[in-house]
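Structure at a glance
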Amino acid sequence: MNIPEKTQLSRIYGESEKSSARFRSVADHFAEIYHHSTAEFFTAPGRTEIIGNHTDHNGGRVIAASIDMDTIGAACPNNSSLIRITSEGYEKEIIVDLNNLSAVPKAQGTLSLVAGMMEAVKKFGFKAGGFDAYVTTNVIRAAGVSSSASFEMLICSIVNYFFNEGAMSYINYAKIGQYAENVYWLKASGLMDQLACAVGGPILLDFSDRENPSYEKISFSFNEYGYHLVIVNTGKGHADLSKEYSEIPMEMKEAAHAAGAELLCETTLEEVLSHISDIKNDRSILRAIHFFKENERVEKAAKAVENKDGEALLRLLKESGTSSWELLQNCYPVKSYTEQKISVALALTDLFLEKTGKGICRIHGGGFAGVIMCVVPEEETKKYVSYISDFAGKENVYPMNIRSTGAVHIDR
């Protein structure tokens, strides 16, 4: 069975040896399990949120980017109504019957997710058909770099290529993933994760139009400023934090309602503060201030990128992280104040960066658990990895790069 050409892999990954070995392994497992003599290959990256922490759900703006961790798969139509997916590391095959989606139980992991996506594909006017797929990922799970959205966007790219002749847009992809998470996973997710994984590269997202968020690609990498992106997984997962996540948009909306709006994007900081006596929850006020100032920082960061001003960009990222810690307050759950893995990782990293005189660190993604984002001088990256590994474990420290390719079928 053929695999993608090395020129194609080099275009996506910047190298072809390791990636070629990954796709050869996927092809071999796919042929062994499903007995097809040919396959098509797909990739969808994870994502990093660069700036715009917890603003999307209130109509804010975000800069995010795809990363060089991805979910890849080999797939082939099977001329039936069945979708069959085997994921590396999981014994149980996922089987979804397109003719009986309503029978799939909700909140049952990947099975529910795939069923929800296929229901959304049909609901949004696209075609779905049966296919077999073997999938593997190196996107960190339950750590804020969107392993679930990466998987969703991979499945969308498969369905788009085999059954829709490329007619599905990235906005369609994102809404399909969101529908599945909202309706079949019972998780109140937005569209940021999906869009960042689908589009590829750094993108500036605007969620002020709730039905039709917009995005534009921007061009930068930390490497061009002499820095390396390092994600540190602190070891605490997101599994039991639904309440903490849902409270953030809810409390921001409390502040918006006091000002006569539904979402904060529909009002102003001045208007909210003029009604401060009507807001009984002090944290709602702090989180609203974070929203408005963070939106300003996103716009300034986009301008810094345009002007190739790396110093200004890093300063804004640092301010964003401080605001998340002090105003948004998503570095640790109040109920678990004795367990502050994120806060400790940030404090330890600050101690390291003080000695270098350069670089920043900040909470990454949803917060309360998971990972921190560090932008470390390239010449100090190896030292930092060794230093923070003593706390987090070397297997939880990930130097990475922004990649330009989103969720795609890979030509052979």
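Relevant structure appears above.
All of these numbers come straight from a predicted model, not from anything done at the bench. Counting restarts for each chain: residues are numbered from 1 in the order of the written sequence. In view of the model being predicted, local features appear only for residues whose pLDDT reaches at least 70, and side-chain atom pairs are presented and counted only at 80 or more, with totals across whole chains, interfaces and linings using the full set of residues. Working from all heavy atoms in the structure, the side-chain values ignore hydrogens and water.

**Observations concerning the overall build of the protein**
- Secondary structure follows DSSP: runs of H or I at least 4 residues long count as helices, runs of E at least 2 residues long count as strands, and numbering of each begins at the N terminus. The secondary structure content of the protein amounts to 12 helices and 12 strands.
- Each radius of gyration is computed over the set of C-alpha atoms, and the globule rule expresses the reference value as 2.2 Å times the number of residues to the power 0.38. A compact globule built from 412 residues would reach a C-alpha radius of gyration of about 22 Å, and the protein, at 21 Å, matches this within 12%.
- Over its C-alpha atoms, taken along the principal directions, the protein stretches across nearly 65 × 50 × 40 Å.
- Counting only residues that meet the buried cut, the protein has 56% of its 412 residues in that class. Exposure classes here rest on a 1.4 Å probe applied to the protein chains alone. A residue is buried below 20% of its type maximum, exposed above 50%, and partly exposed in between.

**Considerations on the packing of helix H7 (residues 242-258) against helix H9 (residues 282-306)**
- Orientation of H7 relative to H9, taken along the N-to-C sense of each, is 90 degrees, at an axis distance of 8 Å. The orientation of H7 with respect to H9, classified from their angle, is roughly perpendicular. When H7 is examined against H9, the residues Glu247, Ile248, Glu251, Met252, Glu254 and Ala255 are found in contact with a partner set consisting of Arg283, Ser284, Arg287, Ala288, His290 and Phe291.
- Amino acids outside the nonpolar list (Ala, Val, Leu, Ile, Met, Phe, Trp, Tyr, Cys, Pro) and the charged list (Asp, Glu, Lys, Arg) are all regarded as polar, and Gly is one of them. Along the lines of polarity and charge, the residues of the contact of H7 with H9 split into five nonpolar, two polar and five charged. Whenever a helix is involved, its axis is fitted only over the stretch in contact; in every case the axis is a line through C-alpha atoms, and angles between N-to-C directions fall within 0 to 180 degrees. For classification, angles of less than 35 degrees are called roughly parallel, those exceeding 145 degrees roughly antiparallel, those between 65 and 115 degrees roughly perpendicular, and all remaining angles oblique. Any two residues whose heavy atoms approach within 4.5 Å at even a single point are treated as in contact.

**Considering the state of the cysteines**
- Criterion for a disulfide: a pair of cysteine sulfur atoms at a distance within 2.5 Å. Taken as a whole, this structure holds zero disulfides when the rule is applied.
- Cysteine Cys374 shares no disulfide, and the gap to the nearest cysteine sulfur, in Cys361, comes to 5.5 Å.
- Residue Cys374 is classed as buried on the basis of its relative accessible area of 0%.

**Concerning the pairing of strand E8 (residues 227-233)**
- Taking burial as the measure, the seven residues of E8 include seven buried ones, the bulk of the element.
- Neither face of E8 is open: one carries Tyr227, Leu229, Ile231 and Asn233, the other His228, Val230 and Val232, and all of them are buried.
- Summarising the sheet, E8 and strand E10 (residues 371-377) pair through seven bridges and their orientation is antiparallel. Each bridged residue has a counterpart across the sheet, and for Ile231 the counterpart in E10 is Met373.
- With four bridges joining them, E8 and strand E11 (residues 397-400) adopt antiparallel strand pairing. Bridge pairing in E11 places Ile231 opposite Tyr398. Note on pairing: DSSP must find at least two bridges between two strands before they are called paired.

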